[in-house]
Amino acid sequence: MRVFVADHPLITHKLTVLRNAKTPQPTFRLLIEELMTLLAYEATREVRVEPHEIETPVATTTGVRLSEPLPLIVPILRAGLGMLDGMVKLVPTAEVGFLGMARDEETLQPTTYAERLPDRLEGRQCFVLDPMLATGGSLAAAIEFLFARGADDVTAICVLGTPEGVKAIREAVGDRNVTLVLGALDHGLDEHAFIVPGLGDAGDRLYGTVGE
Ligand code: PRP
């Protein structure tokens with residue numbers, strides 16, 4: 001598994017505002033989207049393209065276009081939805097599938113409560129979006145889901161990750177073709193499996209608190 005941790009002052013600046021508990025919800029939403037666009041630039045470095053001949057006003061030249069099947073973007077509900085527009089801005093022709101997952105606050109086990117994905121993912125490059133990689137349970141389950149459908153190339157993009165989460169994903173995916181792109185690698189988890197220093201609960205800060 002390849003791991004890329006962003007190292008750019010603009011990303012760190014935006015992350016600092018995002019982490020601040022005083023940042024209001026509209027700003028938080030905007031920043032998640034902007035951070036996603038910045039991370040998408042790195043995450044799509046290996047996106048598959050093919051030669052494409054065009055006529056400029058002056059000459060014929062060969063550039064590239066995205067290969068088919070087009071990439072599939074998979075936000076993990078809820079919090080991953082906040083990253084979707086930022087990704088689609090960079091890859092507007094990509095298709096989008098959805099996975100709904102919630103982590104049980106006691107057991108920390110993820111459950112899948114919604115799924116809207118193509119039946120077959122052979123040959124598709126998949127980009128999974130979730131702001132938080134905490135224990136890694138949710139992302140590992142999402143990646144497993146995509147491989148079970150035939151995907152052979154998965155890039156996961158998280159705004160924050162932990163060493164525990166990275167280790168869990170590394171163990172879960174083995175030698176399969178997975179890339180992890182993080183906005184920052186935080187210190188670790190607290191006793192409630194929240195990322196420290198983190199930013200709190202991304203889903204709640206984006207969309208408000210839901211009852212259990
Ligand atoms: C959060 C987060 C990840 C998951 C991370 O979602 O968005 O999906 O927890 O934890 P893990 O790495 O330990 O599995 P949550 O279950 O709170 O759902 P939400 O997005 O609907 O708020």
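See the structure printed just above.
Residues numbered from 1 in each chain as written. Predicted model: local features only at pLDDT ≥ 70, side-chain atom pairs only at ≥ 80, totals over all residues. Heavy atoms only, no water.

> Would you mind going over the overall build of the chain with me for this structure?
From N to C terminus, the chain includes six helices and 13 strands. Against the 2.2 N^0.38 benchmark of 17 Å for 212 residues, the chain shows a C-alpha radius of gyration of 18 Å, consistent with a compact globule. Reported as C-alpha extents along the three principal axes, the dimensions of the chain are approximately 60 × 35 × 30 Å. By the burial criterion, 44% of the 212 residues in the chain qualify as buried. Taking all contacts inside the chain whose residues are at least 6 apart in sequence as the whole, residues at least 24 apart take part in 70%. Carbon together with sulfur atoms contributes 54% to the accessible area of the chain, which is approximately 11,000 Å² in total. (Helix = DSSP H or I, 4+ residues; strand = E, 2+ residues; numbered from the N terminus. Rg over C-alpha atoms; globule rule 2.2 N^0.38 Å. Buried < 20%, exposed > 50% of the residue type's maximum accessible area, 1.4 Å probe, protein only. Contact = heavy atoms within 4.5 Å. Areas by Shrake-Rupley, 256 points an atom, 1.4 Å probe, with all protein chains shown as cover.)

> Which parts of the structure should I look at to understand the site of the ligand?
In the vicinity of the ligand there are 15 residues, among which Arg-103, Asp-130, Thr-135, Gly-136 and Ser-138 approach most closely. In this structure, the ligand is accommodated by the largest pocket. Where the shell around the ligand is concerned, the elements lending two or more residues are strand E6 (98–103), strand E9 (132–133) and helix H4 (137–148). The biggest single contributor to the shell around the ligand is E6, with three residues. Its residues placed into classes, the shell around the ligand shows six nonpolar, five polar and four charged. (Near = heavy atom within 4 Å. 1 Å grid on protein atoms, 1.4 Å probe; cavity = no way out; pocket = protein on both sides within 12 Å on 5 of 7 lines; lining within 4 Å. Sits in = over half its atoms within 2 Å of the grid points. Nonpolar A, V, L, I, M, F, W, Y, C, P; charged D, E, K, R; others polar.)

> Just checking my understanding: could you explain empty space enclosed by the protein for this structure?
Rolled over the atoms, a probe as big as a water molecule pinpoints where empty space is left. In this structure the tally under the stated criterion is one cavity of 30 Å³ or more. Computed from the structure, the largest cavity encloses a volume of approximately 40 Å³. Split by residue class, the lining of the largest cavity holds two nonpolar, three polar and one charged. (Points joined across faces, edges and corners; volume = space filled by probe spheres on them.)

> It is not clear to me how the layout of surface pockets should be interpreted in this structure. Could you clarify?
Roughly 720 Å³ of internal volume is contained in the largest pocket. Around the largest pocket, the lining comprises 30 residues; the ones closest to its centre are Met-101, Ala-102, Arg-103, Asp-201 and Gly-203. In terms of residue class, the lining of the largest pocket is built from 15 nonpolar, eight polar and seven charged. As a volume, the second largest pocket reaches approximately 210 Å³. In terms of lining residues, the second largest pocket is bounded by 14 residues, among which Arg-2, Glu-42, Ala-43, Glu-46 and Thr-179 are the most central. For the lining of the second largest pocket, the secondary structure elements donating two or more residues are strand E1 (2–5), helix H2 (25–43), strand E8 (125–129), strand E10 (153–161) and strand E11 (178–185). No other element matches E8, which puts three residues into the lining of the second largest pocket. In terms of residue class, the lining of the second largest pocket is made up of six nonpolar, three polar and five charged.

> Quick question: what am I supposed to make of the packing of aromatic side chains here?
To describe a pair of aromatic rings, one takes the distance between the centres and the angle between the planes. Taken as a whole and assessed by the stated rule, the structure comprises zero aromatic pairs. One cation-aromatic arrangement involves Arg-176 over Phe-147; the distance from NZ or CZ to the ring centre is 4.6 Å. (Phe/Tyr/Trp six-rings, centres within 6.5 Å; stacked < 30°, edge-to-face > 60°. Lys NZ or Arg CZ within 6 Å of the ring centre and 35° of its normal.)

> When you look at the nonpolar core in this model, what are you seeing that I'm missing?
Proteins that are soluble and globular tend to have nonpolar side chains buried together. The biggest cluster of nonpolar side chains holds 32 residues, and the ones touching the most others in it are Leu-15, Leu-18, Met-87, Leu-129, Ile-157 and Val-159. It is H2 that contributes the most residues to this core, eight residues altogether. Ignoring anything within four residues of it in the chain, the contact list for Met-87 reads Met-36, Ala-40, Thr-44, Ile-73, Phe-127, Leu-129 and Ile-157. Listed in part, the 26 residues of the second largest apolar core include Leu-99, Leu-117, Leu-121 and Ile-169. (Core = buried A, V, L, I, M, F, W, Y, C linked by side-chain atoms within 4.5 Å.)

> Could you clarify how one ought to interpret the pattern of salt bridges in this entry?
Side-chain pairs of opposite charge can arise where the charged atoms are in close proximity. Here the structure, examined in full by the defined rule, presents 13 salt bridges. Note that Glu-34 is salt-bridged to Lys-14, the shortest N-O span being 2.6 Å. Of this pair, Glu-34 sits in helix H2 while Lys-14 sits in helix H1 (residues 9–19); the two residues are 20 residues apart in sequence, bridging distant segments of the chain. A salt bridge links Glu-95 to Arg-124; the shortest N-O distance between them is 2.9 Å. Highlighted residues: Glu-95 in strand E5 (residues 95–96) and Arg-124 in the loop between strand E7 (110–116) and E8, separated in sequence by 29 residues. Its relative accessible area of 9% is what places Arg-124 among the buried residues. Each of the salt bridges in this network shares a partner with another, and the network as a whole consists of Arg-48, Asp-152 and Asp-153. (Salt bridge = Lys/Arg side-chain N within 4 Å of Asp/Glu carboxyl O.)

By themselves these figures say nothing about function.
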